[in-house]
Amino acid sequence: MSDTGYTKAPAETNLSTTNGPKDDANFKLDERLAADSFWLASWPLCELRRFDDQRYAWLMLVPRRADMTEFVDLREADQVQLAREIKRASEMLLQDARQRQQKVKLNVGALGNVVSQLHIHVLLRQPNDPAWPGPVWGHSAALRFAAAQQQQELTRWQALL
């Protein structure tokens, strides 16, 4: 295992369709997070989700731990793992932007003012995005992906895993 916490043989991925053995059996994804995003992967600690808005390269990490609202609520080992997973999601977004030759600014945030369940937003901002330079939260209604577009996004992001 590397210092990032990810092991990956050439023919393997870090994807899982089920929660791993360390998952909290009482974990339940908040309905609002589920409605506003779709699943991309299950990482060692978090569900990696794509925020359902075509205008932004926006990922979300949700630790699979019950009743967590703050980073400090996590055990220290989970805090370290969450930091690793935030780094990995950030690297994926930046890699994708560089491949597309986009000028971007990486934003990472855990506000929780509306949805208290611990979740981390990792998104890229561009000077030409609709909310620039202000916050994306509450700026305007999301431009949702159609089902076929969601599948394309799933395939695209999983290729970066």
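Just so it is clear, the model here is predicted, and its values are computed rather than measured.

Undergrad: How do you make sense of the overall build of the protein when you look at a structure like this?
TA: Along the backbone of the protein there are 3 helices and 5 strands. Reading the protein from its N end, one meets helices and strands in the order α-β-β-β-α-β-β-α. Long-range contacts, defined here as pairs at least 24 residues apart, represent 59% of the contacts in the protein between residues at least 6 apart. If you sum the accessible surface of the protein, you get close to 9,000 Å²; carbon and sulfur atoms cover 52% of it.

Undergrad: Looking at this model, I keep getting lost on the confidence of the model for the protein. Mind explaining?
TA: Parts of the model with low pLDDT should not have their predicted coordinates read in detail. The share of residues in the protein with pLDDT of 70 or more is 86%, and the mean pLDDT across the chain is 86. Considering only residues more than four positions removed or in separate chains, one finds that residues 1-21, a stretch of pLDDT under 50, has 30 contacts.

Undergrad: Would you mind going over the environment of Asp36 with me for this structure?
TA: Take Asp36: it is sitting in helix H1 (residues 31-36). A residue is classified by how much of its surface remains accessible, and Asp36, at 27% relative accessible area, is partly exposed. A sequence separation of 13 residues divides Asp36 from Arg49, and the C-alpha atoms of the two residues are 9.5 Å apart. Ignoring sequence-local partners within four residues, the contact set of Asp36 consists of Arg50, Phe51, Asp52 and Arg144. A distance of 3.1 Å separates polar atoms of two side chains, one belonging to Asp36 and the other to Arg144.

Undergrad: Is there a simple way to explain the nonpolar core in this structure?
TA: Here is a general trend for soluble globular proteins: nonpolar side chains tend to be buried in one another's company. One finds Trp43, Leu48, Leu59, Leu61 and Met92 to be the most contacted residues of the largest nonpolar core, which totals 27 residues. Of all the secondary structure elements, the ones that give two or more residues to this core are strand S1 (37-42), strand S2 (46-51), strand S3 (57-63), helix H2 (76-99), strand S5 (120-125) and helix H3 (147-160). In contact with Leu59, not counting residues within four places along its chain, are Leu40, Leu48, Arg49, Arg50, Ala89, Met92, Leu93, Ile120, His121, Val122 and Trp157. In terms of nonpolar packing, the next biggest core, distinct from the first, is built from 12 residues, Phe27, Leu33, Tyr56 and Val136 among them.

Undergrad: Can you walk me through the pairing of S3 in this structure?
TA: Sheet faces and side chains relate simply in a regular strand, where the side chains alternate between the two faces. Counting buried positions along S3 yields 7 of 7 residues, so the element is predominantly enclosed. Direction of pairing for S2 relative to S3: antiparallel, over a ladder of 5 bridges. Its bridge partner being in S3, Glu47 is matched across the sheet by Val62. Taken together, S2 and the strand that follows it, S3, pair antiparallel across an intervening segment of 5 residues. Alignment of S3 against S5, held across 5 bridges, turns out to be antiparallel. By the bridge assignment, Trp58 is partnered in S5 with Leu123.

Undergrad: When you look at the side chain of Arg50 in this model, what are you seeing that I'm missing?
TA: Tracing the chain through its elements places Arg50 in strand S2. By relative accessible area, Arg50 is classed as buried at 2%. Within the local environment of Arg50, its side chain forms a polar contact with the backbone oxygen of Asp53, the two atoms lying 3.4 Å apart. Polar side-chain contacts of Arg50 include one of 2.8 Å to the side chain of Glu153. Arg50 has contacts with Asp36, Ser37, Phe38, Leu40, Tyr56, Ala57, Trp58, Leu59, Phe145, Glu153 and Trp157, leaving out every residue within four places of it along the chain.

Undergrad: I keep staring at the side chain of Arg88 and nothing clicks. Help me out?
TA: Structurally, Arg88 can be placed in helix H2. Although Arg88 is buried, it forms no salt bridge, and the closest oppositely charged side chain is Glu91 at an N-O distance of 4.2 Å. There is a polar contact of 2.7 Å between the side chain of Arg88 and the backbone oxygen of Leu160.

What counts and what doesn't
- Residues numbered from 1 in each chain as written.
- Predicted model: local features only at pLDDT ≥ 70, side-chain atom pairs only at ≥ 80, totals over all residues.
- Heavy atoms only, no water.
- Helix = DSSP H or I, 4+ residues; strand = E, 2+ residues; numbered from the N terminus.
- Contact = heavy atoms within 4.5 Å.
- Areas by Shrake-Rupley, 256 points an atom, 1.4 Å probe, with all protein chains shown as cover.
- pLDDT = per-residue confidence, 0-100.
- Buried < 20%, exposed > 50% of the residue type's maximum accessible area, 1.4 Å probe, protein only.
- Polar contact = N/O pair within 3.5 Å; in protein donor to acceptor, adjacent residues only side chain to side chain.
- Core = buried A, V, L, I, M, F, W, Y, C linked by side-chain atoms within 4.5 Å.
- Pairing = 2+ DSSP bridges.
- Lys, Arg positive; Asp, Glu negative; His and termini not counted.
- Salt bridge = Lys/Arg side-chain N within 4 Å of Asp/Glu carboxyl O.

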